[in-house]
Amino acid sequence: MIFKDITDDIDAIRTRDPAARSRLEVVLCYPGFHAVVMHRVAQAAWNANLKLLGRFVAHVSRWVTGIEIHPAARIGRRLFIDHGMACVIGETAEIGDYVTLFQGVTLGGTGKERGKRHPTLGNHVVVGAGAKILGGITIGDNVKIGANSVVLKSVAANSTVIGVPGRVIKSQGERLPDATMDQVDLPDPISDRFLALEQELIELRKKVDDRNG
Ligand SMILES: CC(C)(COP(=O)(O)OP(=O)(O)OC[C@H]1O[C@@H](n2cnc3c(N)ncnc32)[C@H](O)[C@@H]1OP(=O)(O)O)[C@@H](O)C(=O)NCCC(=O)NCCS
């Protein structure tokens with residue numbers, strides 16, 4: 001069973017990373033592979049009630065790979081953590097099958113919840129580099145999360161999410177009509193208020209001038 005899991009982990013990388021030329025290269029050179037294998041050991045210890053040992057194995061894994069996975073986090077088959085440095089996967093996170101995470105991804109808590117406080121990812125989810133998914137939310141199957149997004153709300157299956165805070169720009173492969181990608185001419189409510197006050201001042205001055213003759 002463990003051998004089958006490890007073979008699956010290697011194949012997950014070989015099929016999804018064109019840079020992976022052989023199984024040996026994956027075994028020797030992919031921190032995402034090392035982190036997933038060490039997570040299986042950490043989780044076995046955790047489930048056997050050897051909590052401290054589980055945490056220690058996870059800590060060594062983080063030290064070696066730069067990827068932090070809590071031993072209680074549940075990960076599915078064929079997870080591929082590409083590059084991986086600075087990934088954090090929290091205690092109550094759940095990850096489906098065939099998921100890809102790039103470097104700098106956080107599956108974390110908002111700091112406002114207790115109990116189930118980390119996200120649940122469906123199958124075939126891709127999370128771009130630097131993206132943060134926070135809270136006990138659910139990300140549906142086949143969702144793509146853009147690099148550097150911050151996702152705070154659940155996302156339906158087959159959607160693409162980008163931005164801070166994350167917003168859905170595609171659903172079922174179709175671009176949403178009101179999805180704006182304009183990051184330059186964003187509305188500026190403070191400037192709008194200043195302009196309104198300035199206009200009010202001009203009108204008041206005019207009224208005073210008219211009254212004074
Ligand atoms: C979001 C992503 C998955 C693409 O999804 P998609 O559904 O194919 O979307 P598209 O490429 O059609 O892009 C749709 C729009 O979102 C914009 N967009 C894409 N990714 C974005 C991001 N991360 N942040 C902000 N805007 C983004 C595109 O510019 C495009 O805007 P436009 O239509 O105004 O030109 C991809 O851009 C991404 O971020 N992948 C992560 C890859 C990664 O982290 N690689 C690291 C390798 S080391």
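Residues numbered from 1 in each chain as written. Predicted model: local features only at pLDDT ≥ 70, side-chain atom pairs only at ≥ 80, totals over all residues. Heavy atoms only, no water.

Asker: Summarise empty space enclosed by the protein; cite the residues concerned and give the values.
Answerer: The gaps left among the atoms become clear once a water-sized probe is rolled over them. Overall, the coordinates contain one cavity of 30 Å³ or more when judged by the stated rule. In this structure, the largest cavity occupies an estimated 40 Å³ of space. Of all the secondary structure elements, the ones that give two or more residues to the lining of the largest cavity are α3 (31-47) and α4 (51-65). For the lining of the largest cavity, the element with the highest residue contribution is α3, accounting for four residues. (1 Å grid on protein atoms, 1.4 Å probe; cavity = no way out; pocket = protein on both sides within 12 Å on 5 of 7 lines; lining within 4 Å. Points joined across faces, edges and corners; volume = space filled by probe spheres on them. Helix = DSSP H or I, 4+ residues; strand = E, 2+ residues; numbered from the N terminus.)

Asker: So, the site of the ligand: which residues are in play, and what are the values?
Answerer: Residues in close proximity to the ligand total 14 residues, the closest being A129, A147, T160, K170 and R175. Note that an oxygen atom of the ligand is positioned 2.7 Å from one of the backbone N or O atoms of A129. R175 is positioned such that a nitrogen or oxygen atom in its side chain is 3.0 Å from an oxygen atom of the ligand. Within the residue set of the shell around the ligand, elements represented by two or more residues are β14 (159-162) and β15 (167-171). Residue classes in the shell around the ligand are distributed as six nonpolar, five polar and three charged. (Near = heavy atom within 4 Å. Polar contact = N/O pair within 3.5 Å; in protein donor to acceptor, adjacent residues only side chain to side chain. Nonpolar A, V, L, I, M, F, W, Y, C, P; charged D, E, K, R; others polar.)

Asker: Which residues make up the sheet that holds strand β1 (residues 67-69), and what values go with them?
Answerer: What the five strands build is an open sheet, ordered β1-β4-β7-β10-β13; its pairing is parallel. Strand pairing shows two members of the sheet lacking a second neighbour, β1 and β13 (150-151), which therefore form its edges. Both strand β4 (residues 87-89) and strand β7 (residues 106-108) contribute to a ladder of two bridges, which runs parallel. Looking at the pairing, V88 lines up with T106 of β7. (Pairing = 2+ DSSP bridges.)

Asker: Residues and numbers for unusual backbone geometry, please.
Answerer: Along the chain, V164 connects to P165 via a cis peptide bond; the corresponding omega equals -10°. Tracing the chain through its elements places P165 in the loop between β14 and β15. We note that A86 has phi near 70°; this positive angle belongs to a residue other than glycine. With respect to the helices and strands, the residue A86 is situated in the loop between β3 (80-81) and β4.

Asker: Explain the sheet that holds strand β5 (residues 94-95) to me, and be specific about the residues and the numbers.
Answerer: Pairing is parallel across the open sheet formed by four strands, whose spatial order is β2-β5-β8-β11. Edge positions in the sheet fall to β2 (74-75) and β11 (138-139), since each has one partner strand and no second.

Asker: Describe a nonpolar patch on the surface, with residues and values.
Answerer: A cluster of nonpolar side chains, L24, V27 and L28, forms an exposed patch at the surface whose accessible area comes to about 290 Å². You can see L24 is positioned in helix α2 (residues 23-29). (Patch = residues over 30% accessible without salt bridge, like charges linked within 9 Å, V, L, I, M, F, W, Y side chains within 5 Å. Areas by Shrake-Rupley, 256 points an atom, 1.4 Å probe, with all protein chains shown as cover. Salt bridge = Lys/Arg side-chain N within 4 Å of Asp/Glu carboxyl O.)

Asker: Please set out the nonpolar core residue by residue, giving values where relevant.
Answerer: Counting 28 residues, the largest nonpolar core has L101 and I139 as its most contacted members. Of all elements in the fold, only α3, β1 and β4 reach the threshold of two or more residues within this core. If we skip the residues at most four places from it in the chain, L101 touches L79, F80, I81, D82, I89, I95, L121 and V127. By size, the runner-up hydrophobic cluster in this structure holds seven residues, among which are I13, V26, Y30 and F33. (Core = buried A, V, L, I, M, F, W, Y, C linked by side-chain atoms within 4.5 Å. Buried < 20%, exposed > 50% of the residue type's maximum accessible area, 1.4 Å probe, protein only. Contact = heavy atoms within 4.5 Å.)

Asker: With reference to specific residues and values, describe the packing of α3 against α4.
Answerer: Interhelical geometry of α3 versus α4 gives an angle of 170° and a closest axis separation of 7 Å. One element, α3, and the other, α4, form an angle in the roughly antiparallel class. For the pair α3 and α4, contact is made by P31, H34, A35, M38, V41, A42, A45 and W46 and by K51, L53, G54, R55, V57, A58, S61, V64 and T65, respectively. Partitioning the contact of α3 with α4 into residue classes produces 11 nonpolar, four polar and two charged. (Axes fitted to C-alpha atoms, helices over the stretch in contact; angles between N-to-C directions. Parallel < 35°, antiparallel > 145°, perpendicular 65-115°, else oblique.)

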